[in-house]
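The chain contents come next:
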Amino acid sequence: MAGRINDDDVKAVRDAVPIDAVVSEYLQLRNAGGGNLKGLCPFHDEKSPSFQVSPSKGLFHCFGCQEGGDTIAFVMKIDHLSFSETVERLAAKAGITLRYEEGGYNPGHQRGERIRLVEAHKVAAQFYIDQLDSPEAEIGRKFLAERGFDQAAAAHFGVGYSPAGWDHLTRYLRGKGFSDKELILSGLSQDGRRGPIDRFRGRLMWPIKDVGGEIVGFGARKLRDDDNGPKYLNTPETPIYKKSQVLYGIDLAKKDIAKVSRAVVVEGYTDVMACHLAGVTTAIATCGTAFGGDHIKILRRLLMDNGSARVIFTFDGDAAGQKAALRAFEDDQKFAAETYIAIAPDGMDPCDLRLAKGDAAVAELAEPRTPLFEFALRQIVKRYDLETPAGRAGALDEAAPVVARIKNIGAQHEVAVQLAGMLGILDTQFVVKRVAQLARWARDRGGKGPAQQQNPQRGYDTASPAAVSSGPALNLRSPAHRTERELLKLAIQRPELVSPAFDAYGADEFTAPPYAAVRQCVQDAGGATGAPSDYLDTVREAAPNDTVRALVTELAVETIFAKNVDEAYAGDQLVTVRLRAVDRRIRDVQGTLARLGAQGDPEQLAAVQNELWVLTQYGQSLRNNGADAL
């Protein structure tokens with residue numbers, strides 16, 4: 001069995017794959033200043049971006065949930081991979097051949113479960129593509145042609161065909177070195193009477209990819225009347241495929257979604273194809289499940305939740321499609337984007353619409369028309385007889401709580417006015433007040449108020465810089481803490497500006513225990529003077545635990561708050577931190593003098609008085625001469 005991956009190769013992989021390129025496969029990044037990028041954190045739900053990436057340092061850090069680290073740590077966390085799996089995946093992307101400490105290079109060994117399952121899907125996808133050209137697949141090619149998709153369209157979306165026999169793919173994958181256990185685990189095969197058989201047989205196949213572009217599952221469409229299975233059969237839940245967490249077409253659409261801040265949600269694989277071929281390249285679809293919270297998280301990270309973001313749902317006009325739209329509205333408030341509903345004339349889906357009226361009609365359909373809240377309200381209102389007082393009252397009772405869920409107070413007021421118009425209630429203020437009353441009641445019933453936000457500085461005991469027990473949050477509004485933080489950022493990001501003076505500072509000059517711990521890390525790493533090229537890595541490695549290491553990463557990524565980051569600014573921070581330390585010591589010595597009093601030991605009294613004089617003179621010099629006095 002292959003041993004651990006060679007350390008030099010790990011470093012080569014880390015250096016070869018830019019962290020911003022990797023992170024951009026999962027979320028939209030924008031300029032954060034200071035050479036950093038920012039986006040919505042993929043590891044926790046948030047409304048405004050607190051996730052920052054520093055391309056120059058190869059690090060990321062979220063100031064909301066405190067996740068942080070390098071490229072390898074990011075991929076490990078987001079794709080739930082082991083260290084070796086992550087390095088192997090990134091090495092393959094960078095074209096680097098890995099060496100192993102024991103037994104040399106051996107690509108057949110030490111392959112993680114996820115990588116093996118993804119590889120099996122990649123091989124299966126190509127197998128299906130090749131089968132689409134077979135005589136047996138004529139029925140599949142005809143299906144595509146009847147829906148306006150030629151060979152080039154099929155190739156663009158990786159559409160394939162699964163042979164109708166029992167175990168064609170299973171035998172093929174066995175021949176490629178995959179075990180029966182891996183085939184069952186992947187969902188590509190299933191248990192038969194005499195061993196594994198193909199899960200998909202005689203069907204048109206669509207590969208389903210994750211945000212990173214890796215194939216994790218398939219959607220299979222029935223073609224023959226003697227197929228007793230469902231119309232669409234998807235990959236079952238597996239270690240790499242969770243239907244509530246994948247969106248078909250996201251790999252093709254993600255760049256344009258981020259670019260134009262718009263996403264079009266359709267219902268099926270052919271609808272996605274039709275939209276993309278018609279120029280609506282932001283179209284995606286769920287895979288056999290309702291559009292839900294996990295799908296929203298994927299889109300929000302790409303849309304960045306800016307004010308111009310739009311999400312358009314193009315559900316079918318039938319009862320099922322309307323029900324799907326109402327389900328989507330239940331999650332509407334999780335978006336900061338504006339959401340719309342688009343239903344084609346005659347209830348046609350995008351695929352049928354393209355066939356009937358061409359690409360322009362599909363593009364027109366995808367334009368924002370009816371806000372989703374308005375559609376949801378109209379679906380409620382039309383069930384009541386608005387010609388009667390009882391009907392209007394009943395519609396208001398059902399619709400008002402829906403409007404009350406709108407979190408933005410201004411938007412809530414505006415929609416309440418629109419609701420009054422829909423209902424024909426002339427007293428608009430009555431409806432507005434009713435909605436506001438329900439909103440207040442809902443907040444009060446929530447009872448506990450908003451969830452406590454995790455403070456970036458929690459996790460340190462005030463007794464020890466290295467301790468990690470839960471302690472009081474740092475008051476970052478404190479000028480002392482703010483200046484200490486700036487000085488540490490300079491020491492980590494621009495050590496040449498604060499050395500050699502910084503190396504003479506003791507940990508006790510930092511009043512916040514976490515900052516004292518970071519100061520110790522710099523010292524243990526050899527100091528800021530003459531910092532080598534791997535200085536930041538050395539400082540992170542010197543951290544006594546993950547909590548301190550996370551703070552080092554945070555300080556390395558956070559922007560230095562100065563227009564001009566130069567020696568003058570660095571000198572100001574050095575002086576301020578030192579002067580506050582001197583003033584604290586003066587107060588301590590004055591307290592000692594007061595306790596000794598006139599009757600104290602004359603020799604001890606003289607020593608304390610002398611220290612007070614020296615400290616006072618040094619403090620004065622710092623105030624008068626600034627950094628020159630250090």
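Here is a short report on the structure shown in this document. (Residues numbered from 1 in each chain as written. Predicted model: local features only at pLDDT ≥ 70, side-chain atom pairs only at ≥ 80, totals over all residues. Heavy atoms only, no water.)

Some remarks on the overall build of the protein
Turning to step 1, where the next piece is worked out: The number of helices and strands found in the protein is 26 helices and 16 strands.
Turning to step 2, where the next piece is worked out: Out of the 630 residues belonging to the protein, those deemed buried represent 50%.
Turning to step 3, where the next piece is worked out: Carbon and sulfur atoms provide 49% of the accessible area of the protein, an area that totals close to 29700 Å². (Helix = DSSP H or I, 4+ residues; strand = E, 2+ residues; numbered from the N terminus. Buried < 20%, exposed > 50% of the residue type's maximum accessible area, 1.4 Å probe, protein only. Areas by Shrake-Rupley, 256 points an atom, 1.4 Å probe, with all protein chains shown as cover.)

Some details on unusual backbone geometry
Turning to step 1, where the next piece is worked out: Of note, the amide linkage connecting Ser499 to Pro500 takes the cis form, showing an omega dihedral of 5°.
Turning to step 2, where the next piece is worked out: Within the fold, Pro500 resides in the loop between helix H21 (495–498) and helix H22 (513–524).
Turning to step 3, where the next piece is worked out: Positive phi, close to 75°, is recorded for Gln66, a residue that is not glycine.
Turning to step 4, where the next piece is worked out: With respect to the helices and strands, Gln66 occurs in the loop between strand E4 (59–62) and strand E5 (68–70).
Turning to step 5, where the next piece is worked out: Positive phi outside glycine occurs at Ser261, with the angle close to 55°.
Turning to step 6, where the next piece is worked out: For Ser261, the position within the fold is in the loop between helix H10 (250–260) and strand E12 (262–266).

Notes on the packing of helix H1 (residues 7–16) against helix H4 (residues 83–94)
Helices that pack against each other are described as a pair by the angle of their axes relative to one another and the distance between those axes.
Turning to step 1, where the next piece is worked out: It is the contact of H1 with H4, at a shortest axis distance of 9 Å, that shows an interaxial angle of 60°. Looking at the two axes, H1 sits oblique to H4. The chirality of how H1 crosses H4 is left-handed. Contacts from Val10, Val13 and Ala16 in H1 reach Phe83, Val87, Leu90, Ala91 and Ala94 in H4. (Axes fitted to C-alpha atoms, helices over the stretch in contact; angles between N-to-C directions. Parallel < 35°, antiparallel > 145°, perpendicular 65-115°, else oblique. Left-handed = near helix turned anticlockwise from the far one by under 90°. Contact = heavy atoms within 4.5 Å.)

Here we look at H4
Turning to step 1, where the next piece is worked out: A rise of 1.5 Å per residue sets the reference length of H4, with its twelve residues, at 16 Å; its end C-alpha atoms lie 16 Å apart and thus fit the reference within 8%.
Turning to step 2, where the next piece is worked out: Among the residues making up H4, those that are buried are Ser84, Glu85, Thr86, Val87, Glu88, Arg89, Leu90 and Ala91.
Turning to step 3, where the next piece is worked out: Residues of H4 that are buried make contact with H1, helix H2 (19–23), helix H3 (71–79) and helix H5 (113–131).
Turning to step 4, where the next piece is worked out: Gly95 lies just past H4 and shows a positive phi near 75°. (Expected span 1.5 Å × (residues − 1).)

Some words on helix H24 (residues 546–557)
Turning to step 1, where the next piece is worked out: Across its twelve residues, H24 extends 16 Å between first and last C-alpha, which sits within 8% of the 16 Å expected from 1.5 Å per residue.
Turning to step 2, where the next piece is worked out: Residues of H24 that are buried: Val548, Leu551, Val552, Thr553, Glu554, Leu555, Ala556 and Val557.
Turning to step 3, where the next piece is worked out: For H24, the N-terminal cap is Asn545; the gap from its side-chain oxygen to the backbone nitrogen of Thr547 is 3.2 Å. (Polar contact = N/O pair within 3.5 Å; in protein donor to acceptor, adjacent residues only side chain to side chain.)

A short note on the packing of aromatic side chains
Turning to step 1, where the next piece is worked out: For the structure shown, the criterion picks out 16 aromatic pairs.
Turning to step 2, where the next piece is worked out: A centroid spacing of 5.1 Å and a plane angle of 90° characterise the contact between Tyr128 and Phe218, whose relative ring orientation is edge-to-face. With Tyr128 in helix H5 and Phe218 in strand E10 (residues 215–222), this residue pair connects regions lying 90 residues apart in the sequence.
Turning to step 3, where the next piece is worked out: Under the relative-accessibility criterion, Tyr128 is labelled buried at 2%.
Turning to step 4, where the next piece is worked out: A network of ring pairs unites the aromatic residues Tyr26, Phe43, Phe51, Phe60 and Phe74 as a single cluster.
Turning to step 5, where the next piece is worked out: It is Lys77 that lies over the ring of Phe43; its NZ or CZ is 5.8 Å from the centre.
Turning to step 6, where the next piece is worked out: The ring of Phe143 carries Arg147 above its face, with NZ or CZ at 3.6 Å from the centroid. (Phe/Tyr/Trp six-rings, centres within 6.5 Å; stacked < 30°, edge-to-face > 60°. Lys NZ or Arg CZ within 6 Å of the ring centre and 35° of its normal.)

Concerning the sheet that holds strand E13 (residues 283–285)
Turning to step 1, where the next piece is worked out: Taken together, five strands build an open sheet; the order of strands is E13-E12-E14-E15-E16 and the sheet is mixed. The open sheet has two free edges, formed respectively by E13 and strand E16 (370–371), since each of these has just one partner strand.
Turning to step 2, where the next piece is worked out: Across three bridges, E12 lies against E13 in parallel orientation. Across the sheet, Val264 pairs through a bridge with Ala283, a residue of E13. (Pairing = 2+ DSSP bridges.)

Brief notes about the environment of Gly34
Turning to step 1, where the next piece is worked out: Structurally, Gly34 can be placed in the loop between strand E1 (30–33) and strand E2 (36–39).
Turning to step 2, where the next piece is worked out: When the C-alpha positions of Gly34 and Ile560 are compared, they lie 7.4 Å apart, and in sequence the two are 526 residues distant.

Things to note about the pairing of E4
Turning to step 1, where the next piece is worked out: With burial as the criterion, each face of E4 is covered, one bearing Leu59 and His61 and the other bearing Phe60 and Cys62.
Turning to step 2, where the next piece is worked out: Inspection of the sheet shows strand E3 (residues 51–54) paired to E4 by four bridges, in the antiparallel sense. What sits directly across from Gln52, in E4, is His61.
Turning to step 3, where the next piece is worked out: The loop that links E3 with its antiparallel partner E4 comprises four residues; one of these, Gly58, has a positive phi angle of about 70°.
Turning to step 4, where the next piece is worked out: The pairing of E4 with E5 spans three bridges and is antiparallel. The residue bridging Leu59 from the neighbouring strand is Asp70, located in E5.

Details of the sheet that holds E5
Turning to step 1, where the next piece is worked out: On the basis of which strands lie adjacent, the open sheet formed by five strands has the order E1-E2-E3-E4-E5 and antiparallel pairing. On the outer flanks of this sheet lie E1 and E5, each paired with one strand and no other. Direction aside, neighbouring strands of the sheet carry axes that sit 25° apart on average.
Turning to step 2, where the next piece is worked out: Relative to E2, E1 runs antiparallel, the two sharing three bridges.

Things to note about the layout of surface pockets
Turning to step 1, where the next piece is worked out: The volume enclosed by the largest pocket comes to roughly 1100 Å³.
Turning to step 2, where the next piece is worked out: In terms of lining, the largest pocket is formed by 42 residues, of which the most central are Arg14, Leu59, Asp70, Asp537 and Arg540.
Turning to step 3, where the next piece is worked out: Where the lining of the largest pocket is concerned, the elements lending two or more residues are H1, H2, E4, E5, H3, helix H20 (479–493), helix H23 (535–541) and H24.
Turning to step 4, where the next piece is worked out: No other element matches H23, which puts six residues into the lining of the largest pocket. (1 Å grid on protein atoms, 1.4 Å probe; cavity = no way out; pocket = protein on both sides within 12 Å on 5 of 7 lines; lining within 4 Å. Points joined across faces, edges and corners; volume = space filled by probe spheres on them.)

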